[in-house]
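Overview (structure and organization)
Now for the letters of each chain:
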Amino acid sequence: MCPTQANARLVAVCRKNRRLGSDFARKYGLKYYPDYRDLIADPEVQALAVVTTPNLNEEICRSAAQAEKHILLEKPMARNVAEAARIKEEADKAGIMLMMGHTLRFNSVIQELKRRKKDIGPLHTISINQRAEAFNLPWQDNHAVAGGGAILHMGIHMFDLIRHLSGDEVERVYCETARVCNKYLEDHFI
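Everything in this summary refers to the structure shown in the same document. (Residues numbered from 1 in each chain as written. Predicted model: local features only at pLDDT ≥ 70, side-chain atom pairs only at ≥ 80, totals over all residues. Heavy atoms only, no water.)

1. Brief notes about the nonpolar core
Threshold: What makes a nonpolar core is a set of buried Ala, Val, Leu, Ile, Met, Phe, Trp, Tyr and Cys residues whose side-chain atoms join them at distances within 4.5 Å. Relative accessibility thresholds used throughout: buried, under 20% of the residue-type maximum; exposed, over 50%; partly exposed, between the two (1.4 Å probe, protein chains only). The way it works is that DSSP assigns letters per residue, a run of H or I at least four long becomes a helix, a run of E at least two long becomes a strand, and they are numbered from the N terminus. Contact definition: two residues touch when any of their heavy atoms are within 4.5 Å.
Grouped together as the largest cluster of nonpolar side chains are 22 residues, with contacts concentrated most on Leu48, Val50, Ile71 and Leu73. Looking at this core, the elements that each hand over two or more residues are helix H2 (36-41), strand S3 (47-50), helix H3 (54-66), strand S4 (70-73) and helix H4 (81-94). Ranked by residues supplied to this core, first place goes to H3 with four residues. Look past the residues within four positions of leucine 48 in its chain and what remains in contact with it is Leu39, Ile40, Ala64, Lys69, His70, Ile71 and Leu72.

2. With respect to the pattern of salt bridges
What counts here: Salt bridges are identified by distance alone: a Lys or Arg side-chain nitrogen within 4 Å of an Asp or Glu carboxyl oxygen.
The final tally for this structure, using the stated rule, is 17 salt bridges. For arginine 9, the salt bridge is made with glutamate 44, and the minimal N-O distance between the two is 2.7 Å. Here arginine 9 is found in the segment before strand S1 (12-14), whereas its partner glutamate 44 is found in the loop between H2 and S3, with 35 residues between them in sequence. For aspartate 42, the salt bridge goes to lysine 31, with nearest N and O atoms at 2.7 Å. Of this pair, aspartate 42 sits in the loop between H2 and S3 while lysine 31 sits in strand S2 (residues 31-33), and the two are 11 residues apart along the sequence. Here aspartate 42 falls in the buried class, since its relative accessible area comes to 4%.

3. Here's the deal with the packing of H3 against H4
The criterion, for reference: Note on geometry: axes are lines fitted to C-alpha atoms, helical ones only across the stretch in contact, with angles between N-to-C directions running from 0 to 180 degrees. To sort the angles, those under 35 degrees are grouped as roughly parallel, those over 145 as roughly antiparallel, those from 65 to 115 as roughly perpendicular, and the leftovers as oblique. If you view the pair so one helix is near and one far, a crossing is left-handed when the near helix is turned anticlockwise from the far one by less than a right angle, and right-handed when it is turned clockwise.
Between H3 and H4, whose axes approach to 9 Å, the crossing angle comes to 10°. Our classification of the angle between H3 and H4 gives roughly parallel. For the element pair H3 and H4, the recorded crossing hand is left-handed. On H4, the residues that touch Pro54, Asn57, Glu58, Cys61, Arg62, Ala65 and Gln66 of H3 are Glu83, Arg86, Ile87, Glu90, Ala91 and Ala94.

4. A look at H3
Every α-helical turn comprises 3.6 residues, leaving residues that sit three or four positions apart pointing alike. Our working rule: In this scheme, a helix's expected span is set at 1.5 Å multiplied by one less than its residue total.
When the terminal C-alpha atoms of H3 are compared, their 19 Å separation across 13 residues agrees well with the 18 Å that a helix rising 1.5 Å per residue should span. Those residues of H3 that fall on the buried side of the exposure criterion are Pro54, Asn57, Glu58, Ile60, Cys61, Ala64 and Ala65. On its buried side, H3 packs onto H2, S3, S4, H4, helix H7 (143-146) and helix H8 (150-166). Looking one or two residues beyond H3, the residue adopting positive phi is glutamate 68, at roughly 60°.

5. Observations concerning the side chain of histidine 153
Heads up, the rule is: A 3.5 Å cut-off defines polar contacts: any pair of N or O atoms within that distance qualifies, except that in protein one atom must be a possible hydrogen donor and the other a possible acceptor, and neighbouring residues in sequence count only when both atoms are side-chain atoms.
Checked against the element boundaries, histidine 153 lands in helix H8. Side-chain polar atoms of histidine 153 contact the backbone oxygen of alanine 146, separated by 3.1 Å. The contacts of histidine 153, once residues within four sequence positions are left out, are Pro54, Lys75, Pro76, Phe135, Trp139, Ala146 and Gly148.

6. What to know about a nonpolar patch on the surface
Which entries qualify depends on this criterion: Patch members must show over 30% relative accessible area and no salt bridge, and they are joined within 9 Å when carrying like charges or within 5 Å when they are nonpolar side chains of Val, Leu, Ile, Met, Phe, Trp or Tyr. To measure how exposed things are, a 1.4 Å probe is used in the Shrake-Rupley method; for residues, cover is taken only from the protein chains shown.
A surface patch of nonpolar side chains, about 320 Å² in accessible area, is lined by Leu10, Phe24 and Tyr28. One can find phenylalanine 24 in helix H1 (residues 18-28).

7. Here's the deal with the packing of aromatic side chains
Counted only if it meets this: Ring geometry is summarised as follows: Phe, Tyr and Trp rings, the Trp one being its six-membered ring, pair when their centres sit within 6.5 Å, and such pairs are stacked at plane angles under 30 degrees, edge-to-face over 60 and tilted between the two.
With the rule as written, the count across this model stands at one aromatic pair. Taken together, a centroid distance of 4.8 Å and an interplanar angle of 50° make the contact between phenylalanine 24 and tyrosine 28 tilted. Remark: tyrosine 28 and phenylalanine 24 occur in helix H1; sequence separation between them is four residues, near one turn of the helix.

8. Focus: the sheet that holds S4
Spelled out, the test is: When DSSP finds two or more bridges between two strands, those strands count as paired.
On the basis of which strands lie adjacent, the open sheet formed by three strands has the order S3-S4-S5 and parallel pairing. Strands with a single pairing partner mark the edges of an open sheet, and in this sheet they are S3 and strand S5 (98-100). Adjacent strand axes in the sheet meet at a mean angle of 15° when their direction is disregarded. Here four bridges tie S3 to S4, and the two strands are oriented parallel to one another.

9. Focus on the pairing of S4
Under the convention used in this document: Looking down the strands as they point away from you, a crossover is right-handed if its path from the first strand over the helix to the second goes clockwise.
In this fold, the crossover linking S3 to S4 by way of H3 has right-handed handedness. As paired elements, S4 and S5 share three bridges and run parallel to each other. Across the sheet, the residue bridging to isoleucine 71 is leucine 98, located in S5. A crossover connection joins S4 to the parallel S5 through H4; in handedness this β-α-β unit is right-handed.

Geometric values such as these leave the question of function open.
The following block contains the structure:
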């Protein structure tokens, strides 16, 4: 089934935690795979939603692209620009669809703002504010796994919205960061 069709259906799930994965699969009548390679090899799977720690995204996306499976990738895309470029290159080479999970673009308020942009008038300033709970997973304070802190994991939504609503690229950035709960990576920024 093409991932753009309205009748797309979930057929399988992959999760490292076997108990949680198999319980979820059983509850929804899905196939369960403890290894993403087996999920990708399933001929019934035509597209993947990749929702894992950023350090695994490149490997999983490369495998999916080589198998010509479309990808919905949860942000952040990668831990750094080089990894992101390689993911995009693999998707382009395979001719598959690759979409970032910028969920706020589908928020009804955001969609209405975008639709009424001409009625509102020219944009001079966009100010976006977001509050989130403190990170609570150990990997979120580990640079080798996460790639960065709150800016990469939460700020990316705000940066995407600015580009999405304005249609422009960011030219200058100023930011102050802090560690409130984390020991190593920023968990607060303004």
